[in-house]
Amino acid sequence: EKKFGRSTKPLEDKREQFQVESYLQHQGEKFTHRFDANSLIVLSDAIDLYEYRHEPKADTDYLITSFVSDWIYPSHLSAELASLIGVNAVHHDLPSPLGHDSFLLDDVHQAPLVTEFFGVLPRE
């Protein structure tokens with residue numbers, strides 16, 4: 001409601017289109033140029049199937065990011081996961097009004113954290 005409401009815009013064929021439809025079409029078009037479809041399927045399956053099991057000898061570091069406006073993967077679940085993992089996990093709850101789309105669209109907050117976590121030098 002806050003982002004789009006029931007606002008519409010006229011299309012060339014005189015049909016009205018909801019602003020949210022326009023947004024989804026635009027983001028979908030951009031998405032197809034930024035991501036390989038098969039990679040998205042693998043990533044989505046990995047997220048859906050992931051189940052943390054505490055392994056005392058695991059020598060792995062975890063970076064967990066969440067977005068305050070994401071209702072699909074709410075921040076409190078990411079915080080709980082980080083708490084279960086313990087000292088090897090760091091959780092960042094990032095500000096973004098973009099909801100679940102934040103993980104795809106908000107590289108301003110997320111990219112520096114990922115870059116630092118993996119020790120990658122930023123591109124110039």
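These numbers come from a predicted model, not from an experiment.

Below, the discussion takes up a nonpolar patch on the surface. A cluster of nonpolar residues, Leu43, Ile47, Ile72, Tyr73 and Phe103, forms a patch on the protein surface that exposes about 430 Å² of accessible area. Note that Ile72 resides in the loop between strand E3 (62-67) and helix H3 (75-85). Since its relative accessible area comes to 55%, Ile72 is described here as exposed.

Let us now look at the side chain of Ser66. Here Ser66 lies in strand E3. Judged by relative accessible area, which is 3%, Ser66 ranks as buried. A polar atom in the side chain of Ser66 sits 2.7 Å from the side chain of His91. Reaching out from Ser66, the side chain makes a polar contact with the side chain of Asp93 at a distance of 2.9 Å.

Membership of the largest hydrophobic core is limited to 5 residues, which are Tyr52, Ile64, Ala82, Ile85 and Ala89. Setting aside its immediate chain neighbours within four residues, Ile85 contacts Tyr52, Tyr62 and Ile64.

Attention now goes to the environment of Leu105. Considering the arrangement of structural elements, one finds Leu105 in helix H4 (residues 102-105). Residue classification places Leu105 among the partly exposed residues on the basis of a relative accessible area of 23%. Sequence separation between Leu105 and Gln27 is 78 residues; the distance between their C-alpha atoms is 8.9 Å. Those residues in contact with Leu105 that lie beyond four places of it in its chain are Tyr23, Gln27, Arg34 and Leu98.

Turning our eyes to something else, we now look at the pairing of strand E4 (residues 89-94). Summarising the sheet, E3 and E4 pair through 6 bridges and their orientation is parallel. When the sheet's bridge partners are listed, Thr65 is paired in E4 with His92. Crossover connection from E3 via H3 to parallel E4: handedness right-handed.

How each quantity is defined
Residues numbered from 1 in each chain as written. Predicted model: local features only at pLDDT ≥ 70, side-chain atom pairs only at ≥ 80, totals over all residues. Heavy atoms only, no water. Patch = residues over 30% accessible without salt bridge, like charges linked within 9 Å, V, L, I, M, F, W, Y side chains within 5 Å. Areas by Shrake-Rupley, 256 points an atom, 1.4 Å probe, with all protein chains shown as cover. Salt bridge = Lys/Arg side-chain N within 4 Å of Asp/Glu carboxyl O. Helix = DSSP H or I, 4+ residues; strand = E, 2+ residues; numbered from the N terminus. Buried < 20%, exposed > 50% of the residue type's maximum accessible area, 1.4 Å probe, protein only. Polar contact = N/O pair within 3.5 Å; in protein donor to acceptor, adjacent residues only side chain to side chain. Core = buried A, V, L, I, M, F, W, Y, C linked by side-chain atoms within 4.5 Å. Contact = heavy atoms within 4.5 Å. Pairing = 2+ DSSP bridges. Right-handed = clockwise from strand over helix to strand, strands pointing away.

Remember, this is a structural readout, not a statement about activity or role.
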